[in-house]
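Below, each chain spelled out in residue letters.
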Amino acid sequence: MLPSQWRAFDRRLQAVGYIDFDQDRLAQVSSPYQGRVRQVLVQVGDRVARGQVLFTVDSADLTQAESNLVAATGMRALASHTLERAHHLFDIQANAGKDLEQAVADQQTAEASYRSARTALRLLGLTDAQIDRIAARRAIDGELRVTSPIAGRVATRAVAPGDWPQQGGAAPISVAADDALWMVATVPEDEIAEIRPGDPASVRVDALRGLTLQGRVDLVGSSVDPATHRVQVRTVLHGADARLRPQMLASMEVRTAPPAQAVAVPADAVVREGDGTMTVYVTTDGRRFTRRPVELGRQQDGQDEIVAGLAAGERVAGTGALFLSNALALQSQ
């Protein structure tokens, strides 16, 4: 026998789901222009820095843009030299003013062409330092270097040297930020009203026993799946364990309300009778027991919340409650 007692119950809701990359920070990396892949420099799982080259492409568009820069660089140099000479001749009155004006116009046109050629290369992903080297060396490479826009881990790779990635198709490489992951679960529609963004959540991963992650609900879906009548709930896991992998199964427990005091008894002190009622067996002297129906609330840590039917401090049968229920049923036959 043991007395019922007050204890704090918080509202918890459980759901199952899976681990996923943070899709808001998953970069699908493609070549901006079509061409044959020359090199692939990363493997799935590699950690990459922002701006790191992932793969290179032999690009006809890049070759043309580099050719335009080389030509524009030469024309700019020639126009500048011609303008300088025209100024000198004009100063010693060896040419007419219209010749100087023409040299100025030619130099401005060459300068505009040079800047346009540089802009075209920037749009192809080249840095100013790379563009300066092409202009200085007057050398055409044609190798487009595709870099990662974020720091993270290579999530997928669907490209190899010699491939011709199709524009509009699947991205050859995706990079995911791995300092935060998602746990995506589904919750029955009749429980979804209890969950709100910001609620604390504990996540357990089935494949990694003993691993419990803490996070907060980030998103509660706005629609119900008509087939399952469940709603998607997303939790963000910051500082996620490096052993986690997307699509790993996981379970989530969301604390949807602060703790509240209620009368509690051990779960094995409550018996479900044949008619479906929940009962406890109350005693005052430890020898005689009275069957009493109760109304249950939440169950946490092996304790049942008693909403009605029992007061704090009343003594009830513990592990012997089921024996008393069976004995009473035999007597009534």
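The following paragraphs examine the structure supplied in this document.

## So, the overall build of the protein
Now for step 1: Counting its secondary structure elements, the protein contains four helices and 19 strands.
Now for step 2: Taking 2.2 N^0.38 as the reference for a compact globule, 333 residues should give roughly 20 Å; the C-alpha atoms of the protein span a radius of gyration of 37 Å, well beyond that estimate.
Now for step 3: By its C-alpha atoms, the protein is 130 × 40 × 35 Å across when sized along the principal axes.
Now for step 4: Per-residue burial over the protein gives 38% buried out of 333 residues.
Now for step 5: Considering only residue pairs separated by 6 or more positions, the protein has 72% of its internal contacts joining residues 24 or more positions apart.
Now for step 6: Per element, the accessible surface of the protein, about 18,700 Å² overall, is 51% carbon and sulfur.
Now for step 7: Put simply, the protein has 36 plus and 40 minus side-chain charges, and the middle of one group is 4 Å from the middle of the other.

## A short note on helix α1 (residues 60-91)
Now for step 1: Here α1 spans 46 Å end to end across 32 residues, near enough to the 46 Å set by a 1.5 Å rise per residue.
Now for step 2: Along α1, the residues that are buried comprise L62, A65, E66, L69, V70, A72, T73, A79, L83 and A86.
Now for step 3: Lining the buried residues of α1 we find α2 (97-123), α3 (128-137) and β7 (143-147).
Now for step 4: Sitting at the amino-terminal end of α1 is S59, which places a side-chain oxygen 3.3 Å from the backbone nitrogen of D61.
Now for step 5: Q93 sits one or two positions beyond α1 and adopts a positive phi of about 60°.

## Some points on α2
In an α-helix there are 3.6 residues to a turn, and that puts residues three or four apart on one side.
Now for step 1: Taking 1.5 Å per residue, 27 residues should reach 39 Å; α2 reaches 40 Å between its end C-alpha atoms and fits that length.
Now for step 2: Among all positions in α2, only L100, A103, Q107, A110, E111, Y114, A117, R118 and L121 are buried.
Now for step 3: Against the buried residues of α2 lie α1 and α3.
Now for step 4: Directly after α2, the chain includes G125, whose backbone phi takes a positive value near 100°.

## Overview of the sheet that holds strand β6 (residues 53-58)
Now for step 1: On the basis of which strands lie adjacent, the open sheet formed by three strands has the order β4-β6-β7 and antiparallel pairing. Each edge of the open sheet carries a strand with a single partner, namely β4 (36-40) and β7. Between one strand axis and the next, the sheet turns by 30° as a mean value, whatever way the strands run.
Now for step 2: In this sheet, β7 lies alongside β6 in antiparallel orientation, the contact comprising five bridges. Paired with F55 across the strands is V146, a residue of β7.

## Quick word on the environment of L62
Now for step 1: Structurally, the position occupied by L62 is in helix α1.
Now for step 2: Taking relative accessible area as the criterion, L62 reaches 0% and is therefore assigned buried.
Now for step 3: Along the primary structure L62 and D141 are separated by 79 residues, whereas in three dimensions their C-alpha atoms are 8.4 Å apart.

## A look at the sheet that holds strand β5 (residues 47-48)
Now for step 1: Strand order in this open sheet of four strands is β3-β9-β8-β5, and the pairing throughout is antiparallel. Edge strands, defined here as strands with exactly one partner in the open sheet, are β3 (26-29) and β5.
Now for step 2: Of the strand pairs in this sheet, strand β8 (residues 152-157) and strand β9 (residues 173-176) are connected by four bridges, and their pairing is antiparallel. The residue bridging T156 from the neighbouring strand is S174, located in β9.

## What about the packing of aromatic side chains?
Now for step 1: For the structure on display, the rule yields zero aromatic pairs.
Now for step 2: When the ring centre of W182 is taken as reference, the NZ or CZ atom of R234 above it lies at 3.9 Å.

## Looking at the pattern of salt bridges
Now for step 1: Tallying each qualifying case throughout the model produces 13 salt bridges.
Now for step 2: R12 is the partner of E253 in a salt bridge, and the nearest nitrogen-oxygen pair spans 3.6 Å. Residue E253 is found in strand β14 (residues 249-266), and its partner R12 is found in strand β2 (residues 5-21); the two are separated by 241 residues along the sequence.
Now for step 3: Salt bridges sharing partners connect three or more residues here, namely R118, R122, D128 and D132.

## As for the packing of α1 against α2
Now for step 1: Where α1 meets α2, the closest approach of the two axes is 8 Å, and the angle between their N-to-C directions is 155°. By the angle between their axes, α1 is roughly antiparallel relative to α2. Here α1 runs over α2; the crossing is left-handed.
Now for step 2: In terms of residue class, the contact of α1 with α2 is built from 16 nonpolar, eight polar and five charged.

Cut-off values and rules
- Residues numbered from 1 in each chain as written.
- Predicted model: local features only at pLDDT ≥ 70, side-chain atom pairs only at ≥ 80, totals over all residues.
- Heavy atoms only, no water.
- Helix = DSSP H or I, 4+ residues; strand = E, 2+ residues; numbered from the N terminus.
- Rg over C-alpha atoms; globule rule 2.2 N^0.38 Å.
- Buried < 20%, exposed > 50% of the residue type's maximum accessible area, 1.4 Å probe, protein only.
- Contact = heavy atoms within 4.5 Å.
- Areas by Shrake-Rupley, 256 points an atom, 1.4 Å probe, with all protein chains shown as cover.
- Lys, Arg positive; Asp, Glu negative; His and termini not counted.
- Charge placed at Lys NZ, Arg CZ, Asp CG, Glu CD.
- Expected span 1.5 Å × (residues − 1).
- Polar contact = N/O pair within 3.5 Å; in protein donor to acceptor, adjacent residues only side chain to side chain.
- Pairing = 2+ DSSP bridges.
- Axes fitted to C-alpha atoms, helices over the stretch in contact; angles between N-to-C directions.
- Phe/Tyr/Trp six-rings, centres within 6.5 Å; stacked < 30°, edge-to-face > 60°.
- Lys NZ or Arg CZ within 6 Å of the ring centre and 35° of its normal.
- Salt bridge = Lys/Arg side-chain N within 4 Å of Asp/Glu carboxyl O.
- Parallel < 35°, antiparallel > 145°, perpendicular 65-115°, else oblique.
- Left-handed = near helix turned anticlockwise from the far one by under 90°.
- Nonpolar A, V, L, I, M, F, W, Y, C, P; charged D, E, K, R; others polar.

Honestly, it's all geometry; don't read function into it.
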